[in-house]
Amino acid sequence: MKVLSVVGARPQFVKLGPVARALAQAGGVEHVIVHTGQHYDAAMSDVFFEDLQIPAPDVHLGVGSGSHGAQTGAMLAGLDPVLQEHRPDWVLVYGDTNSTLAAAVSAVKLHLPIAHLEAGLRSFNRRMPEEHNRVLTDHAADLLLAPTQVAMDHLAHEGLAQRSVLVGDVMTDVCYLVREQVADRALTDVIGAANLEGIDLEDPYLLATIHRPDNTDSPQRLRAIVEALRDLPAPVVLLAHPRLVAKATEYGIELFGGTLHGTSPLAYPQMVRAVMGAAGVVTDSGGLQKEAFLLRTPCTTIRPETEWVETLEAGWNILDNDLTQVREVAVREAPFGAQATPYGDGHAADLVAKVLLRRAG
């Protein structure tokens, strides 16, 4: 069996890690990795392959940045000859980025079977580019690998139940694995390479990320968020996504200073350890919401909705799109009692490999 994985952005590299290992261990699987180049900065790309011990991409399209249409179109142009050359049994696409949609469209036009990992997620916010990417990919795909029962229910509601399989969340696999690797290491040892002068990581701190268009494309909105972060009751470590830095520079907004400390995005092991040590997480990232939940760190999400609705149960995650609660809830006690396990037990990738093998052809 030949599986061709298409990835291009940080969350997809993290998902690819356990899947690549599971396919290698399954035996009889040729795995071709295609990197679109959607994330082209080394800190957002190369370092994840190194840290998660993922084989180097067999093909790198080097697409880079651009508008959604231009970026997706460039990916389509690059992917068509790659898929025609390899003719895999499965084109495996991950998550909800432009790389996901481009690979699905290219594959369906070439009559190649598509498997969508992390299928069935819905925010029901049609302003989000990721929402269109998810829905269109799910309806083009031949096999829908769903991470949760809620995702399975969404797919069934859309008439896709026969193509859907509940496999669990592969992000849980890698998060638990990395957690065990860094749990006993001092926080300063793990993230000491980050530029965090002026903050004592032994004291309570908050970890923050902001990058979504709804939060960064308006100078008024971005300024309000930055001011809210400065006003939080503990120092904030802001992991500055390139999009955030570019927008802040364009608008003349000073991101750092005072209690707001910035650094570039952390390598995945660094990020896991930083979340484990934080008093709370403030973010608009879907993946970080879930990682905070898995690592038992309270999260406050600067969005009106979440795809990972399970994180809202018991108050592990709180939505605060209008910034009225964040100062009071950003630093809060973790919910009391046993935590639910809606994202599986950390062995989702093994099931993904088995399902792909069983359904090939």
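Residues numbered from 1 in each chain as written. Predicted model: local features only at pLDDT ≥ 70, side-chain atom pairs only at ≥ 80, totals over all residues. Heavy atoms only, no water.

### Digging into the sheet that holds strand β10 (residues 260-263)
What counts is decided by this rule: Here a strand pair is declared whenever DSSP counts at least two bridges between the two strands. Think of it this way: any DSSP run of H or I at least four residues long counts as a helix, any run of E at least two long counts as a strand, and we number them from the N terminus. To obtain each axis, a line is fitted to C-alpha atoms, and for helices this fit is confined to the stretch in contact; angles are then taken between N-to-C directions over 0 to 180 degrees. We call two residues in contact whenever any of their non-hydrogen atoms come within 4.5 Å of each other.
On the basis of which strands lie adjacent, the open sheet formed by six strands has the order β10-β9-β8-β11-β12-β13 and parallel pairing. Of all the strands in the sheet, the pair left with one neighbour each is β10 and β13 (317-319). Within this sheet the neighbouring strands show an average axis-to-axis angle of 20°, counted without direction. Set on the sheet, helix α10 (residues 219-230) makes contact with β8 (206-209), β9 (236-239), β10 and β11 (280-283); between it and β10 the angle comes to about 115°.

### Let's talk about the packing of helix α4 (residues 98-109) against helix α5 (residues 129-140)
Put simply, the rule reads: Between 65 and 115 degrees an angle is taken as roughly perpendicular, under 35 as roughly parallel, over 145 as roughly antiparallel, and anywhere else as oblique. When the near helix sits turned anticlockwise from the far one by under a right angle, the crossing is termed left-handed; a clockwise turn instead gives a right-handed crossing. Polar here means any residue outside two lists: the nonpolar Ala, Val, Leu, Ile, Met, Phe, Trp, Tyr, Cys and Pro, and the charged Asp, Glu, Lys and Arg; Gly therefore counts as polar.
At a minimum axis distance of 9 Å, the contact between α4 and α5 shows a crossing angle of 25°. By the angle between their directions, the pair α4 and α5 is classed as roughly parallel. α4 and α5 meet at a crossing whose hand is left-handed. Counted together, N98, T100, L101, A104 and V108 of α4 and N133, L136, T137 and A140 of α5 form the full contact between these two elements. Looking at the contact of α4 with α5 residue by residue, the class counts come to five nonpolar, four polar and no charged.

### Re the sheet that holds strand β5 (residues 114-117)
The strand order across the open sheet formed by seven strands is β3-β2-β1-β4-β5-β6-β7, and the pairing between neighbours is parallel. The sheet is open, and its two borders are formed by β3 (59-60) and β7 (164-166), each paired with just one other strand. Inspection of the sheet shows β5 paired to strand β6 (residues 143-146) by three bridges, in the parallel sense. The partner of A115 across the bridge, within β6, is L143. Packing of helix α3 (residues 68-86) onto the sheet brings it into contact with β1 (2-7), β2 (30-35), β3 and β4 (90-94), and relative to β1 it is tilted by some 165°.

### Comments concerning helix α11 (residues 242-251)
Counted only if it meets this: Here's how the labels work: a residue is buried when its accessible area is under 20% of the maximum for its type, exposed when over 50%, partly exposed in between, all with a 1.4 Å probe on protein chains only. Our arc is simply the arc of the directions from the helix axis toward the C-beta atoms.
Along α11, the residues that are buried comprise L244, K247, A248 and Y251. Summarising the axial view, the buried residues of α11 lie within an arc of 100°, below the 170-degree limit, and thus occupy one face. The exposed residues of α11 that point more than 90 degrees off its buried face are T249 and E250. At the exit of α11 stands G252, carrying a positive phi of roughly 70°.

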